[in-house]
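The chain contents come next:
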Amino acid sequence: MRPTMILLGIAVAVFVALPIFIVLPMSFSTSPSLAFPPPGYWLGHYAHFFRDPTWTGPLINSFIVAAGTTLLTMLLVTPAAFTMTRHDFRGKSAINVLLLTPVIVPHIVIAVGYFTYFAKLGLLQTYLGVILAHTCLTSPLAFLTVSAGLKGLDRNYERAAQSLGAPPIVAFFVVTLPVLRAAFLVSALLAFVHSFDETTVALFISGRDVATLPKRMFDAIRLQADPVLSVAATLLFGVVLAVFAASFLRKFFKAGVSR
Amino acid sequence: MTPTKSTPHRPDRLALILLAPLLVFLVVFFLVPLGEVMWMSITEPSFGFGHYGKVLLDPHYRRVVLDTLGTSLMVTTVCVLLAYPLAYVTAQIGGTIGAVLLMLVAMSFWTSFLVRTYAWMIILGNRGPVSELLKATGWDPPPLMLFTRFSSTVALTHILLPIMVMALYAVMRKIDLNIMKAAASLGATPFSAFRNIYFPLSAPGIVSGSTIVFVLCIGFYVTPVLIGSPREQMISGMIGAQIEEFLAFGEASAMAMVLLVVTVAILAVYHRFFGLDKLWG
Amino acid sequence: MSYLSLQNLRKDYGGKIFAVDDVSLAIEKGEFVTFLGPSGSGKTTTLMMIAGFEQPTSGHIALAGRAIDPVPPHKRNIGVVFQNYALFPHMSVARNVGFPLRMRGVPKAEIAARVARLLAIVELGAFADAEPRRLSGGQQQRVALARALVFEPDVLLLDEPLGALDKNLREQMQIEIRRIHRELGVTTIYVTHDQTEAMTMSDRIVVFNGGKVEQVDAPLALYRRPNTPFVAGFVGDNNVLDATHAGGGRIELPGVGPIAAALPSDCPTGPLKIALRPESIRLAAGSDAPAFTVQGIVNYGDSVVLVGALGTVPLKIRLPAVAASNLTVGQILRIEWSPDAVHVIGTAR
Ligand SMILES: Nc1ncnc2c1ncn2[C@@H]1O[C@H](COP(=O)(O)OP(=O)(O)OP(=O)(O)O)[C@@H](O)[C@H]1O
Ligand SMILES: [Mg+2]
């Protein structure tokens, strides 16, 4: 029973992990088509990618959108999470449902809505439009992460700070925020990565002007699949990996210092 | 002084002020556009429920709906079958193997859908490794795998698998293995202990994992559009095409509403029996 | 008017009963007052209302003659020590203690001096730069104390500050807290559900039960003259018995008959409750004394508690170990007590 399970588990894990390891070597391939394994390796596609503004533009756009989304998400979600974890009031469960609807509604459904709604507001093909839309999509997860942190936080920290003379706002910045650093960081990272990766809504509203990297990739795959795509894919993968590696290394480094 | 109502120094108004921005934001930038979809489905180009009649009755659309449900069912089933042993190893056997497997799953989870879809285009492409392998075994020319229902099912399964693993893992991690030892001490064979004890205990993970995967699958846009068969579209691909190619907002909106209703209905049934808060572990 | 006064405080959390129900208290400047009561009796809630973290549903709080109901916590100038200390984990010991001074904009040099002074008082001068979590429980406790005292608060509130410490450390810290209180003279409210702690530390004890104040008194008065059956049973070991006052100073126990008791002159006639401390009962020499049947023996080393019945009335007796050797279960003993030992609950003596 046990060995069978282990073998099956490993086999499935290989299935899960393998595709990622196909994309990476492709980005170094000398072949102009998608032949795998590649006939040889070079950095030509990377040079191509970084010299082509139709690729670097979207890359930059993605960073702008993800950074804006992260900022706006945290600004909106943090105070709301405070109220939702610290207060009881009528209609609270209904509000909870509202806060989580964006994860329930399929992206394509809301994309249709944004397509016409943002057209009316003049927000189509603008950074602001994509950031607003992405903030809706990232807010539930960020809200849940921050709330979980707040629920786990001993209220006496804030009370102690206030009894010692800190106004509530000061208590938040001087005590709550540093104590909950990890929860805030994780939820900001989630928001960033989620926005950086988001494709469906970006396809419909980012247009040509503020096309994000996923949108540009999607269009390229549809037109003709060339290995420069692998560079984009590797970058998309690399940013996520870097974000998590950074947070992991930070923890590792801190543990090492305090030991 | 008489015992009167004391003046609160921190009115609950503050609580409201903190909550209001997010609420207003979600109403203006989420509920309103969602309402817009609903509105368009009955007013675009003229008022009426004709689009719904068409979407629900027209054999072409019905085919799309059935294909979507069928593919999603297939993907969900395969996900359960593949995820179960993997989750079992990570949750119960643990150790280095478990940790490595879990890390691989997490890495895959955090890799963009788009990247993973693209990977499958390479793997299943006509110059990809699978084709080469088939050619080497004498199947020449190899069958066309890309842009079929097969390729979209494989890619969707691969993309949703980590989510299923996590749902199962969350439940399995809480199962106390001493129960299995107790069963063994009472005379159960490993297999019957597994079947009668472990499996039923892990069933909630299967239910919640399947719910999430199925719901995500029926609404998935990117992968089926890029890698699936253009002749056997799924609902979301159809919605996108209506808008991009035909600018048929009414029909697209009606389909979107049907998709939304089905999604909400499935989650509502889940909520009724298990409670939505359990869905995310 | 007293220094800190609570007037008809009430707190309604929406439960079946009020968490705090019509509590009025007058606390003098420099006093050490203990809130004693079982779990859920409203001690913390009262404390949190004084500190400003909870708003009373009704009632008022005044400090030094000034109503503080509308004053937010950070402006109340009240020091609080929490059960789990709530030391800020990202600040060193000195920065924790200096926190309230920084919040008040005290100049740097003065902060350093005052922090050093307080750390000296709590005997932690050597730990100024330590991280709080590296300190032992007792040390963390003292940091919390120093932090709550360094800004010279008008009132110091301590909510079960020793709850997390082991017995020896508790006793040591009790002495420490008393010493610091003597040294600084700050008005202190101390919450505990440990009655020994309350007895040894306080100037006065406030007994809470079910959100209400049962009695406020000095420790010894509380012990000798409980006002209610609850206080009689909660503070120290006690026998609380139903009795009847037939008039003329004769007290009768149902099924036993008249017993020795010195009643106050204002004692009403009719049914009443009396308290009789187990340790005030002795073995009697004569054979006409009341008969006590031993049903159980609990040996505490220095003393022995006999559980049994006086006629049909259940009774506990505490005897010095020497007087209780070779007693057995089932034995019938003759017992007696001084008439003064009987306290009629609710009367003045
Ligand atoms: N935030 C709250 N919401 C609802 N009920 C509460 C809340 N805080 C306290 N209570 C209730 O109020 C009553 C008094 O609680 P309180 O914490 O004041 O008791 P306590 O005397 O401090 O008890 P303990 O010795 O256990 O600390 C209890 O019944 C408690 O359940
Ligand atoms: Mg308490």
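Think of each chain on its own: its residues are numbered from 1, step by step along the sequence as written. Here every chain gets a letter starting at A, and every ligand a number starting at 1, in the order they are written. Two thresholds apply to this predicted model, a pLDDT of at least 70 for residue-level local features and 80 or more for giving and counting side-chain atom pairs, whereas whole-chain, interface and lining totals are computed over all residues. Computation of side-chain values covers all heavy atoms of the structure but excludes hydrogens and water.

J.: Explain the overall build of chain C to me, using residue names and the numbers behind them.
T.: Elements are defined by DSSP. Helices are runs of H or I of four residues or more, strands are runs of E of two residues or more, and each kind is numbered from the N terminus. Helices and strands together make up the secondary structure of chain C, namely 8 helices and 20 strands. Its C-alpha atoms give chain C principal-axis dimensions of roughly 80 × 45 × 35 Å. Residue burial in chain C is summarised as follows: out of 349 residues, 53% are buried. We call two residues contacting when some pair of their heavy atoms lies within 4.5 Å. Relative to all contacts within chain C whose residues are 6 or more apart in sequence, the contacts with residues 24 or more apart total 66%. All accessibility values rest on the Shrake-Rupley procedure with a 1.4 Å probe; residue burial counts only the protein chains present in the view. About 14900 Å² of surface is accessible on chain C, with carbon and sulfur atoms providing 52% of the total. With 35 positive and 33 negative side-chain charges, chain C shows a separation of 5 Å between the mean positions of the two kinds. We call a residue buried when its accessible area falls under 20% of the maximum for its residue type, exposed when it is over 50%, and partly exposed in between, using a 1.4 Å probe and counting protein chains only. Here Asp and Glu are counted as negative and Lys and Arg as positive; His is not counted, and neither are the chain ends. Note on charges: their place is set at NZ of Lys, CZ of Arg, CG of Asp or CD of Glu.

J.: So what about the site of ligand 1? Which residues, and what values?
T.: All names here are of chain C. Residues are counted as near a molecule or strand when any one of their heavy atoms sits within 4 Å of it. Residues in contact with ligand 1, as listed here, are Y13, A19, P38, S39, G40, S41, G42, K43, T44, T45, E160 and H193. In the model, an oxygen atom of ligand 1 is placed 2.7 Å from a nitrogen or oxygen of the G40 main chain. Side-chain polar atom of T45 to an oxygen atom of ligand 1: 2.5 Å apart, as the coordinates give it. Across the complex, the protein chains shield 58% of the 630 Å² of accessible surface that ligand 1 would expose by itself. N or O atoms closer than or at 3.5 Å make up a polar contact, with two conditions inside protein: a donor-capable atom paired with an acceptor-capable one, and, for residues adjacent in sequence, both atoms drawn from side chains.

J.: Describe the packing of aromatic side chains, listing the residues and the values that go with them.
T.: Residue and element names in this part refer to chain B. Pairing of aromatic rings covers Phe, Tyr and the six-membered ring of Trp, with a centre-to-centre limit of 6.5 Å; geometry is then stacked below 30 degrees between planes, edge-to-face above 60, and tilted otherwise. Applying the stated rule across the entire model yields 34 aromatic pairs over all chains. Between Y84 and F199 the ring centres are 5.8 Å apart and the planes differ by 45°, which places this aromatic pair in the tilted class. With Y84 in helix α3 (residues 59-93) and F199 in helix α9 (residues 190-218), this residue pair connects regions lying 115 residues apart in the sequence. Judged by relative accessible area, which is 8%, Y84 ranks as buried.

J.: Give a description of the domain arrangement of chain C that names residues and reports values.
T.: Residue and element names in this part refer to chain C. Each domain of chain C was delimited in the assignment, giving domain 1 (4-229) and domain 2 (237-347). Start and end positions for the domains come from either an automated domain assignment or a database one. Put simply, the middle of domain 1 and the middle of domain 2, counted by C-alpha atoms, are 39 Å apart. Tallying the contact residues gives 7 residues for domain 1 and 8 residues for domain 2. Two parts placed together each lose some accessible area; with a 1.4 Å probe, that loss summed over both constitutes the buried area. Summed over both sides, the interface between domain 1 and domain 2 buries roughly 640 Å², with carbon and sulfur atoms accounting for 52% of that surface.

J.: Can you lay out the pairing of strand β3 (residues 32-36) of chain C for me, pointing to particular residues and giving the numbers?
T.: Residue and element names in this part refer to chain C. Within β3, 5 of the 5 residues are buried, which leaves the element mostly enclosed by the surrounding structure. Relative to strand β9 (residues 204-209), β3 runs parallel, the two sharing 4 bridges. Counterpart to T34 in the pairing with β9 is I205. Pairing between strands requires that DSSP locate at least two bridges from one strand to the other.

J.: So, the environment of F50(A): which residues are in play, and what are the values?
T.: Residue and element names in this part refer to chain A. Relative to the helices and strands, F50 is located in helix α2 (residues 44-51). Separated by 191 residues in sequence, F50 and L241 place their C-alpha atoms 20 Å apart. F50 has contacts with T56, L59 and L235, leaving out every residue within four places of it along the chain.

J.: Lay out the interface of chain A and chain B in plain terms, naming residues and giving numbers.
T.: Opposite the 82 residues of chain A that make contact, chain B presents 74 residues. Summed over both partners, the interface of chain A with chain B buries about 7000 Å², with 84% contributed by carbon and sulfur atoms. Together, M5(A), F15(A) and V16(A) form the three largest contributors to the area buried by chain A at its contact with chain B, with a combined 9%. Salt bridges are counted wherever a side-chain nitrogen of Lys or Arg sits within 4 Å of a carboxyl oxygen of Asp or Glu. At the boundary of chain A and chain B, one finds 2 salt bridges. Considering each element in turn, the side of chain A that touches chain B owes the most residues, 17 residues, to helix α1 (residues 2-26) of chain A. Among the residues forming the side of chain A that touches chain B, the class breakdown is 64 nonpolar, 13 polar and 5 charged. Only Asp, Glu, Lys and Arg are considered charged, only Ala, Val, Leu, Ile, Met, Phe, Trp, Tyr, Cys and Pro nonpolar, and every remaining residue, Gly among them, polar.

J.: Lay out the interface of chain C and chain A in plain terms, naming residues and giving numbers.
T.: Of the residues lining the interface, 23 residues belong to chain C; the matching set on chain A comes to 19 residues. Around 1800 Å² of area is buried between chain C and chain A when both sides are counted, 66% of it from carbon and sulfur atoms. At the surface where chain C touches chain A, the tally comes to 1 salt bridge. Between E54(C) and R159(A) there is a salt bridge whose closest N-O contact spans 3.4 Å. Remark: the boundary between chain C and chain A carries 5 residue pairs in polar contact (both at pLDDT 80 or more). Counting only elements with at least two residues in the side of chain C that touches chain A, the list comes to β6 (78-81), α2 (93-103) and α4 (137-149) of chain C.

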